[in-house]
Each structure stands twice: as structure tokens, then as C-alpha cells.
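Each chain is listed here by its residues.
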Amino acid sequence: MQILHLDTNHELLINQLNASGFTNHEDYTSSKTDVEAKIHEYDGIVIRSRFTIDKQFLDAATNLKFIGRVGAGLENIDCDYAESKGIYLISAPEGNRNAVGEHALGMLLSLFNKLNKADNEVRHGQWLREANRGIELDGKTVGLIGYGNMGKAFAKKLRGFDVEVLCYDIKPNVGDDNCRQVSLETLQKNADILSLHTPQTPLTLNMVNADFINGFQKPFWLINTARGKSVVTTDLVSALKSGKVLGAGLDVLEYEKASFESLFSSDMPEAFQYIIQAENVLLTPHIAGWTVESKEKLAQTIVDKIKARFC
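For clarity, every value in this text was computed on a predicted model and none was experimentally measured. (Residues numbered from 1 in each chain as written. Predicted model: local features only at pLDDT ≥ 70, side-chain atom pairs only at ≥ 80, totals over all residues. Heavy atoms only, no water.)

**Re the packing of helix 1 (residues 11-19) against helix 12 (residues 292-310)**
Short version of the rule: Between N-to-C directions, angles span 0 to 180 degrees; the directions come from axes that are lines fitted to C-alpha atoms, helices contributing only their stretch in contact. Helix and strand definitions here come from DSSP, where helices need a minimum of 4 consecutive H or I residues and strands a minimum of 2 consecutive E residues; each element is numbered from the N-terminal end. Angles are sorted into four bins: roughly parallel if under 35 degrees, roughly antiparallel if over 145, roughly perpendicular if 65 to 115, and oblique for all others. Left-handed describes a crossing whose near helix is turned anticlockwise from the far helix through less than a right angle; right-handed describes the clockwise counterpart. Residue contacts are counted whenever heavy atoms from the two residues lie within 4.5 Å of one another. Residues are sorted three ways: Asp, Glu, Lys and Arg are charged, Ala, Val, Leu, Ile, Met, Phe, Trp, Tyr, Cys and Pro are nonpolar, and all the rest, Gly among them, are polar.
At a minimum axis distance of 8 Å, the contact between helix 1 and helix 12 shows a crossing angle of 25°. Comparing their axes, helix 12 and helix 1 come out roughly parallel. Every pair of crossing elements has a handedness; the one defined by helix 1 and helix 12 is right-handed. Across the interface between the two elements, Leu12, Leu13, Gln16 and Leu17 of helix 1 pack against Glu296, Ala299, Gln300, Ile302, Val303 and Ile306 of helix 12. A breakdown of the residues in the contact of helix 1 with helix 12 according to their chemical character gives 7 nonpolar, 2 polar and 1 charged.

See below:
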């Protein structure tokens, strides 16, 4: 089987596939059009998020047997059309779930203790202790939307705190010893913190909008390490201004390009101009699952799944 690698990944991926008898070719620079012209030669593709795998691309890939996406989500692939052609879709949420869980917890604790704000002030000669009095996580209720690999990893990290963890998921019976599954209404009634752990689907696009936010009984903190387009940024800004959202940790943004490699394709939106000035908002560039360890684990997960299916 011939495999075309379209993004750089941990070296173990190609090394182990070579050792298993696969033929591996690398092309990290050609345009999508140029790749389409030769994709019929390949049995498999390994990609991160370089470009969208759409119907036109899949029609050109006449011999394709699998697509391996070195990451958790498959939203850049026309999954239904690929599966209709018998193409096996591989993702690797197991590879970066621990990283995401740690990052979500880090963002939450940083917001509660004003670490980013206080650090910046001290670096500028300000020693403002009372203005940086924090709050404690113990005693709070944490609500998770989505309880798959990422949600479960975050809930596991919360076990050392005296918190109640609730989750809402469209799948039944996903709760476990670390989290109690409830209705969305129950979650909105009780949560002090909301953390998103959902894929990008039609159900989650623009999910966190004004109506959704106003459905919460208490003011709450928002953590989003999932997908940026799940949150309507203008509605989040309105909620931050009103105090309905007490603060936000955003690893992902509505404005990201589909490749996740850059931010704006045009002028900076007005809502984002507010967010970058807000002291109660913490921002990172889509790196929750982006650790030294997860790079290796993601690659290993893809290798293991390819070998399990085709060796």
C-alpha cells in the first residue's frame, strides 16, 4: 500500500509504517490541485488540517482506502461521502486527550487566580495584592458539554478538587464515576463553570449564543478547548460586558481558518478587539492538544489503527 503524507508529523509515524511494509511518500508543499492530480496513485492519506478533503478530491482518489487525520476532529473531511466510497476514516482523539484535559484545567485555575493579569502587572512594577485576590475551585459545579475522550480527560483531572462535575451529551449513558450525566437544563441550572468538549458538527456550530448563555441560572465561567465556531463571539462579548459570563479561557476562536494555522483572513473583528483587551479572558492559539507528548501519542495512535486494519 502506498501512503501520501500531506503534513509533517512525529518521525515515528513514517518509520513504523515503513517497517510494516507500507510505501510512504511525503508532499508538504504542493497545492491541493496538484495533489488531486496524483492522488489516484495512493491507497492512503495522512493529514492534519492542511486542506479540506471534499467530494472533488475524493472523486479523484479512486484507489483510496483510508484517510488518517492526526488529530481529534474530522470536520475538514466530507465523512459521509468518504464512507459511501468505502474509505476508512481514522482519527486520534486518544492521542491528545490528556493534553487537552491539562490545558483546560490550567486555563481555569489561571482565570480563577488572575495569574496572567498579575504576572503582567508585576512585570510592569505593580504590586497589587487585593486587586488580584483569587477564588477557589473547591465547592463549584463544573458543567461539561460533550463527554467523549476530551471531556472524560478533563473530568479525570478534576478528581483532586472538591467539585461536582456534570455533563450533557447527545449520547445516552456516557456518565461515569468522574461525572454525572444530566439534561442540558439541569446543567444550565447548576453550573458555575462551562467547558466545551464537542466536535464541530451542525449541532455545535454557533451553539453558545445569546439564548444559550441566558439559559444559565448563574453567572458562569467559560472554557473552550474544542472548536471556535461553537461560540458566537459577539454574544460572548455581550455576556462578558453584562457579567453573565464572568471570564473565559479560549484556546480556539470563531475566526480561525479551517487549517488552524493562522487567525485572520481579513481585518480584526470588533468583538475580538474587545476580547484581547479584557483582563478576564485568557487566550491561547489552538494548542490545548499541542504538547511534546501528544505529538508522539497522536502519531502512534494513527500507526496502530492503520496496522490494525491493514496488516
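**A short note on the side chain of Asp27**
This is how the line gets drawn: Here a polar contact is taken to be a pair of N or O atoms separated by no more than 3.5 Å, where protein atoms must pair a possible hydrogen donor with a possible acceptor and residues adjacent in sequence count only if both atoms sit in side chains.
As for its placement among the helices and strands, Asp27 is situated in the loop between strand 2 (23-26) and helix 2 (32-38). A polar atom in the side chain of Asp27 sits 3.3 Å from the backbone nitrogen of Thr29. Filtering out sequence-adjacent residues up to four positions away, Asp27 remains in contact with Leu4, His5, Leu6, Val35, Lys38 and Arg50.

**Some details on the environment of Glu75**
Which entries qualify depends on this criterion: Relative accessibility under 20% of the residue-type maximum defines a buried residue, over 50% an exposed one, and the middle range a partly exposed one, all with a 1.4 Å probe and only protein chains included.
With respect to the secondary-structure elements, Glu75 resides in the loop between strand 4 (66-69) and helix 4 (79-84). You can call Glu75 partly exposed: its relative accessible area is 23%. Between the C-alpha atoms of Glu75 and Lys140, which are 65 residues apart in sequence, the distance is 33 Å. In this structure the side chain of Glu75 is engaged in a polar contact, spanning 2.3 Å, whose partner is the side chain of Arg227.

**Observations regarding a nonpolar patch on the surface**
Note the threshold: Residues with no salt bridge and a relative accessible area higher than 30% make up the patches, which join like charges within 9 Å and nonpolar side chains (Val, Leu, Ile, Met, Phe, Trp, Tyr) within 5 Å. Using a 1.4 Å probe, the Shrake-Rupley method yields the accessible areas, and only the shown protein chains count as cover for residues. Every case where a carboxyl oxygen of Asp or Glu lies within 4 Å of a side-chain nitrogen of Lys or Arg is listed as a salt bridge.
Taken together, the side chains of Met268, Ile276 and Leu283 make up a nonpolar region of the molecular surface, amounting to roughly 220 Å² of accessible area. Here Ile276 lies in the loop between helix 11 (270-275) and strand 12 (281-283).

**Quick word on a positive patch on the surface**
Heads up, the rule is: Within this scheme the basic residues Lys and Arg register as positive and the acidic residues Asp and Glu register as negative, but His and the chain ends are omitted. Positions of charges follow a simple convention, taking NZ of Lys, CZ of Arg, CG of Asp or CD of Glu.
Together, Arg97, Lys156, Arg159 and Lys297 line one region of the surface with positive charge. The residue Arg97 is located in helix 5 (residues 93-112) in this model.

**Thoughts on unusual backbone geometry**
Even without a glycine there, the phi angle at Lys114 is positive, about 55°. Mapped onto the elements, Lys114 comes out in the loop between helix 5 and helix 6 (115-123). Among the residues examined, Lys114 registers a relative accessible area of 30% and is labelled partly exposed. Even without a glycine there, the phi angle at Asn206 is positive, about 60°. Considering the arrangement of structural elements, one finds Asn206 in the loop between strand 9 (193-196) and helix 9 (210-214). A relative accessible area of 40% places Asn206 in the partly exposed class.

Geometry only, nothing functional implied.
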